[in-house]
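Given next are the chains, with one letter for each unit.
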Amino acid sequence: MQGWTVGEAEMPILGFGTWPMKGPTCREAVEIALECGYRHVDTAQMYENEREVGQAIANSSVDRADIFVVSKIRKGNCRPAAVRETVRESHDRLDVGTIDLMLIHSPNPRVPIPDTIGAMNELQDEGLVEHIGVSNFSVEQLRAAMDASETPIVTNQVAYHPFRDQSDLLEFCIDEDVVLTAYSPLAKGDVIGTESLERIGDRYGKTAAQVAIRWLIQQENVVAIPKASSRRHIEENTEVFDFELTDTEMAEIFELSGGLRERLRRLLRI
Ligand SMILES: NC(=O)c1ccc[n+]([C@@H]2O[C@H](COP(=O)([O-])OP(=O)(O)OC[C@H]3O[C@@H](n4cnc5c(N)ncnc54)[C@H](OP(=O)(O)O)[C@@H]3O)[C@@H](O)[C@H]2O)c1
């Protein structure tokens, strides 16, 4: 699979989402994904599948060093002591050595962001975690995390797909050199059957899912992590590097969420 990396941590631009798969279903899907060329796998403490993700990586013939492993600290584990204890547990369950990227899964209003970030920085010093980031953070929360951290906040993982405008956050991420990781890039499957995506896809022999993924990864600083459980879908979602959407097609897809109007408004300062 052709791919490329973006940002401080050199994240592969296409990742494999693993929620809500568990047990052997998850292990087998990640094995297939690695076989099909994915080199970035997304898991979380909350998904209860870190062990299976680690097993799939161990079973695969792909070098561990070539795989970018992302996990997330559960919202309820954001206090410093819980960060230290539970990230160690994630590290043991995954059993892949240093975790490439550990995220705060969601902001916890009861724990100051600097407290969680401070504990994550300590785990980086200890070598349990290479990079850190956040998920479901607003621009203000992301700024707070960046200000608190001794190391770059490499990504904010948020819901982003053709029906969801993220112009504000993406503009901030581009300015600050933060990767926006798009979760639910297929709108949990809802992009399938969308007339404009299918029509655009027909021009290239691609499906609506492939057009949605291509639209995301063709944007500056955006990485997409589609989840799929069948070999057919897993493979299909990697076949997004052999075509390019035109500016008009990109704009038409932005329009599905009102994102184009927002971009023009900013450009024209109206
Ligand atoms: N940070 C967070 O709070 C957060 C929240 C949600 C998700 N995530 C992460 O993001 C990942 C992806 O998001 P998601 O699972 O919500 O949604 P998604 O990737 O947008 O959609 C997954 C759905 O699309 C279907 N699908 C996949 N490829 C397809 C294709 N080529 N054609 C037709 N249908 C296809 C899948 O079906 P099959 O399984 O049958 O193939 C599944 O039902 C998750 O797995 C997780 O790792 C993070």
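Worth saying up front: this structure is predicted, and the values here are computed from it rather than measured.

A.B. asks: Quick one: what's the story with the overall build of the chain, residue by residue and with numbers?
C.D. replies: Assigned secondary structure in the chain consists of 11 helices and 10 strands. Computed over its C-alpha atoms, the radius of gyration of the chain comes to 18 Å, within 12% of the 18 Å expected for a compact globule of 270 residues. Here the C-alpha coordinates of the chain stretch approximately 50 × 45 × 25 Å along the principal axes. Taken across its 270 residues, the chain has 46% of its residues classed as buried.

A.B. asks: Requested: an account of unusual backbone geometry, with residues and values cited.
C.D. replies: Between Trp19 and the following residue, Pro20, the backbone shows a cis peptide bond with an omega angle of 5°. In this fold, Pro20 is placed in the loop between strand E3 (16-17) and helix H1 (23-36). Here the phi dihedral of Ser184 falls at roughly 45°; this positive angle occurs in a residue that is not glycine. Taking the C-beta count within 10 Å as the criterion, Ser184 has 21 such neighbours and is therefore assigned buried. Of note in this structure, Lys188 is not a glycine but carries a positive phi near 60°. As for its position among the elements, Lys188 is in the loop between strand E9 (179-183) and helix H7 (195-204). With 11 C-beta atoms packed within 10 Å, Lys188 lands in the exposed category.

A.B. asks: Run through the environment of Leu170, naming residues and quoting values.
C.D. replies: Along the chain, Leu170 falls in helix H6 (residues 167-176). Separated by 156 residues in the primary sequence, Leu170 and Leu14 place their C-alpha atoms 17 Å from one another. Aside from chain neighbours lying at most four places away, what touches Leu170 is Leu180 and Asn221.

A.B. asks: Give me the lowdown on the packing of helix H2 (residues 50-59) against helix H3 (residues 80-94), citing residues and values where you can.
C.D. replies: Relative orientation of the contacting elements H2 and H3 amounts to 40°, with a least axis distance of 7 Å. By the criterion of interaxial angle, the relationship of H2 to H3 is oblique. For the pair H2 and H3, the contacting residues are Glu50, Arg51, Val53 and Gly54 in the first and Ser90, Arg93 and Leu94 in the second. Of the residues that constitute the contact of H2 with H3, the class distribution is 2 nonpolar, 2 polar and 3 charged.

A.B. asks: Explain H1 residue by residue, including any values.
C.D. replies: Here H1 spans 20 Å end to end across 14 residues, near enough to the 20 Å set by a 1.5 Å rise per residue. Within the span of H1, buried status applies to Cys26, Arg27, Ala29, Val30, Ile32, Ala33 and Leu34. Against E3, strand E4 (40-42), H2 and helix H9 (231-236) lie the buried residues of H1. Immediately beyond the C-terminal end of H1, within one or two residues, lies Gly37, with a positive phi of roughly 115°.

A.B. asks: Please provide a residue-by-residue account of the nonpolar core, values included.
C.D. replies: Among the nonpolar cores identified, the biggest contains 72 residues, and Val30, Met102, Ala182 and Ala212 are the most heavily contacted of them. Setting aside residues up to four positions removed in sequence, Ala182 forms contacts with Tyr160, His161, Leu216, Val222, Val223, Ala224 and Ile225.

A.B. asks: Just give me the short version of the packing of helix H4 (residues 113-126) against helix H5 (residues 139-148), but keep the residues and values in it.
C.D. replies: Across the interface, H4 lies against H5 with an axial gap of 9 Å and an inter-helix angle of 45°. Put simply, H4 runs oblique to H5. Once H4 is placed against H5, the crossing between them reads as right-handed. For the pair formed by H4 and H5, the contact residues are Ile113, Pro114, Ile117 and Gly118 on the first element and Gln141, Ala144, Ala145 and Ala148 on the second.

A.B. asks: Talk me through the site of the ligand; I want residue IDs and the actual numbers.
C.D. replies: In the neighbourhood of the ligand, 27 residues make up the surrounding shell, with Gly17, Tyr183, Leu186, Lys227 and Ser229 lying closest. Among the residues making up the shell around the ligand, the classes are represented as 10 nonpolar, 13 polar and 4 charged.

Cut-off values and rules
Residues numbered from 1 in each chain as written. Predicted model: local features only at pLDDT ≥ 70, side-chain atom pairs only at ≥ 80, totals over all residues. Helix = DSSP H or I, 4+ residues; strand = E, 2+ residues; numbered from the N terminus. Rg over C-alpha atoms; globule rule 2.2 N^0.38 Å. Buried ≥ 20, exposed ≤ 12 C-beta atoms within 10 Å, placed from the backbone. Contact = placed C-beta atoms within 7 Å. Axes fitted to C-alpha atoms, helices over the stretch in contact; angles between N-to-C directions. Parallel < 35°, antiparallel > 145°, perpendicular 65-115°, else oblique. Nonpolar A, V, L, I, M, F, W, Y, C, P; charged D, E, K, R; others polar. Expected span 1.5 Å × (residues − 1). Core = buried A, V, L, I, M, F, W, Y, C linked by C-beta atoms within 7 Å. Left-handed = near helix turned anticlockwise from the far one by under 90°. Near = placed C-beta within 6 Å.

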